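Here is what each chain is made of, one letter per residue.
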Amino acid sequence: MTEITREKLIIIGSGPAAWTAAIYASRAQLDPFVIEGSFHRTMVPGGQLMFTTEVENYPGFPDGVTGQAMMEDFKKQALRFGTRSVMEDVERVDFSGPPHRLWTSGGAELEADAVIIATGANARWLEVPGEERLAQSGGGVSACAVCDGALPAFRDQVIAIVGGGDSAIEDATYMTKFASEVVVIHRRDELRASKIMQERAFENPKIRFLWNTVVTEVIGDEVIEKLKLENRETGETSELEVGGMFVAIGHTPNTGFLRGQVDLEPSGYIHLPSSWRTATSAPGVYAAGDCMDDYYRQAVTAAGTGCMAALEAERWLSHG
Ligand code: NAP
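Observations regarding the overall build of the chain
From N to C terminus, the chain includes 7 helices and 19 strands. Its C-alpha radius of gyration of 21 Å places the chain within 12% of the 20 Å reference for a compact globule of 320 residues. Once the C-alpha set of the chain is aligned to its principal axes, its extents read approximately 60 × 40 × 35 Å. Contacts in the chain between residues at least 24 apart in sequence constitute 59% of all its contacts with a sequence separation of at least 6. Total accessible area on the chain is roughly 15600 Å²; 49% of this is exposed by carbon and sulfur atoms. Here the chain contributes 28 positively and 45 negatively charged side chains, and the mean placements of these two sets differ by 3 Å.

Describing the side chain of Glu312
Along the chain, the position of Glu312 falls in helix H7 (residues 299-319). Buried charge without a salt bridge: Glu312, with Arg277 as the nearest opposite-charge side chain at an N-O distance of 5.1 Å. When residues no more than four places from it in sequence are discounted, the contact partners of Glu312 are Arg277, Thr278, Ala279 and Tyr286.

Concerning the environment of Lys226
Its place among the elements puts Lys226 in strand E15 (residues 226-231). For Lys226, a relative accessible area of 26% puts it in the partly exposed group. Spatially, the C-alpha atom of Lys226 lies 28 Å from that of Ala121, the residues being 105 residues apart in sequence. A polar side-chain atom of Lys226 sits 3.2 Å from a polar atom in the side chain of Glu239.

Some words on the pairing of strand E6 (residues 90-94)
Judged from the 4 bridges that link them, E6 and strand E7 (residues 100-104) form a sheet pairing that is antiparallel. Within the sheet, the bridge partner assigned to Asp94 lies in E7 and is Arg101. What sits between the antiparallel neighbours E6 and E7 is a turn of 5 residues.

Things to note about the site of the ligand
By nearness alone, 16 residues border the ligand, and Asp166, Ser167, Glu170, Arg188 and Arg192 come closest of all. In the model, an oxygen atom of the ligand is placed 2.5 Å from a nitrogen or oxygen of the Asp166 side chain. For the ligand, an oxygen atom lies 2.6 Å from a polar atom in the side chain of Arg192. About the coverage of the ligand: the protein hides 73% of its 910 Å² of free accessible area.

Considerations on the domain arrangement of the chain
Note: interface size is frequently given as the accessible area lost on complex formation between the parts. The domain boundaries assigned to the chain delineate domain 1 (4-122 + 251-318) and domain 2 (125-247). Here the C-alpha centroids of domain 1 and domain 2 sit 31 Å apart. Of the residues lining the interface, 9 residues belong to domain 1; the matching set on domain 2 comes to 11 residues. Together, the buried faces of domain 1 and domain 2 total about 850 Å²; carbon and sulfur atoms form 43% of this surface. At the junction of domain 1 with domain 2, the criterion picks out 1 residue pair in polar contact (both at pLDDT 80 or more).

What counts and how
Residues numbered from 1 in each chain as written. Predicted model: local features only at pLDDT ≥ 70, side-chain atom pairs only at ≥ 80, totals over all residues. Heavy atoms only, no water. Helix = DSSP H or I, 4+ residues; strand = E, 2+ residues; numbered from the N terminus. Rg over C-alpha atoms; globule rule 2.2 N^0.38 Å. Contact = heavy atoms within 4.5 Å. Areas by Shrake-Rupley, 256 points an atom, 1.4 Å probe, with all protein chains shown as cover. Lys, Arg positive; Asp, Glu negative; His and termini not counted. Charge placed at Lys NZ, Arg CZ, Asp CG, Glu CD. Buried < 20%, exposed > 50% of the residue type's maximum accessible area, 1.4 Å probe, protein only. Salt bridge = Lys/Arg side-chain N within 4 Å of Asp/Glu carboxyl O. Polar contact = N/O pair within 3.5 Å; in protein donor to acceptor, adjacent residues only side chain to side chain. Pairing = 2+ DSSP bridges. Near = heavy atom within 4 Å. Domains from an automatic or database assignment. Buried area = accessible area lost by both parts, 1.4 Å probe.

So this is what it looks like as structure tokens:
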């Protein structure tokens with residue numbers, strides 16, 4: 001029979017939300033146990049910041065910091081106050097408690113009085129040749145214009161934005177501050193983005209649209225040089241010289257293992273019944289960071305909600 005370990009507080013995830021929750025919880029002597037996740041092709045312990053190069057918009061780092069260094073320091077700070085952690089995935093949960101029950105990829109079965117879910121979201125990628133290699137090497141391919149767009153490498157370049165939703169149009173508008181030209185590449189002939197954002201983009205002389213067009217390959221050795229394109233209507237192929245590509249085709253929250261255990265939005269994000277609270281539909285279960293936030297998706301907002309979740313869990317554990 002598997003031995004069941006009982007924990008006061010389990011935190012699932014290892015991005016800025018999870019480690020911030022762990023820092024607050026360990027300093028409040030809740031003895032948190034962090035289940036960090038394991039290594040996958042599109043996600044690793046540390047979360048999306050592990051795929052970012054330079055982080056320049058997190059306050060407190062006037063000279064910038066790499067996403068990896070930042071996550072290592074977040075973790076170090078949590079461990080300093082006694083946080084324990086393991087690099088495994090949570091495969092299944094039963095939130096009918098408390099105690100709540102969790103099963104990990106390492107074969108462990110755990111019980112917890114409170115749980116904080118901070119499993120993040122994955123940016124969707126085009127999955128075309130060249131994309132992943134140049135995204136991982138910092139070669140000018142990114143899924144976050146707000147994070148990477150202001151880097152010197154993108155100044156005065158032709159920048160491609162792929163997608164037709166609010167994110168793509170917001171990213172396109174944002175990139176006009178730095179780029180010589182922004183080319184929005186969309187697979188249909190009309191945008192999904194809100195009308196007001198569309199109008200602003202159509203009026204912006206720096207933004208050009210390529211309709212009914214898909215990217216079939218990203219070309220470049222060290223850095224991106226051009227894109228291979230295909231017109232979906234005519235089948236015509238072409239090339240576009242670019243100095244950067246931002247993919248803005250949506251995100252997928254890492255919440256599949258929660259189905260039936262906490263209420264989710266139709267989009268898969270965790271539903272939070274009260275605004276400005278991180279409590280989920282399950283008693284004693286809280287959610288922080290990108291798994292519940294399809295709007296801001298920033299390291300600093302994730303960290304903020306991690307703090308909120310830890311404070312709410314602390315109150316729950318002391319009064320519950
Ligand atoms: P989204 O609304 O789902 O749009 C994704 C876009 O990517 C769509 O235009 C879609 O094309 C395209 N796409 C999807 N898969 C693709 C693929 N494999 N290849 C090429 N194109 C692909 O996602 P989002 O723009 O990230 O927005 C998510 C949510 O956040 C929305 O509710 C949005 O309103 C909100 N948001 C709001 C703001 C704001 O108000 N300021 C800013 C950002 C996001 P199709 O159109 O053909 O499906």
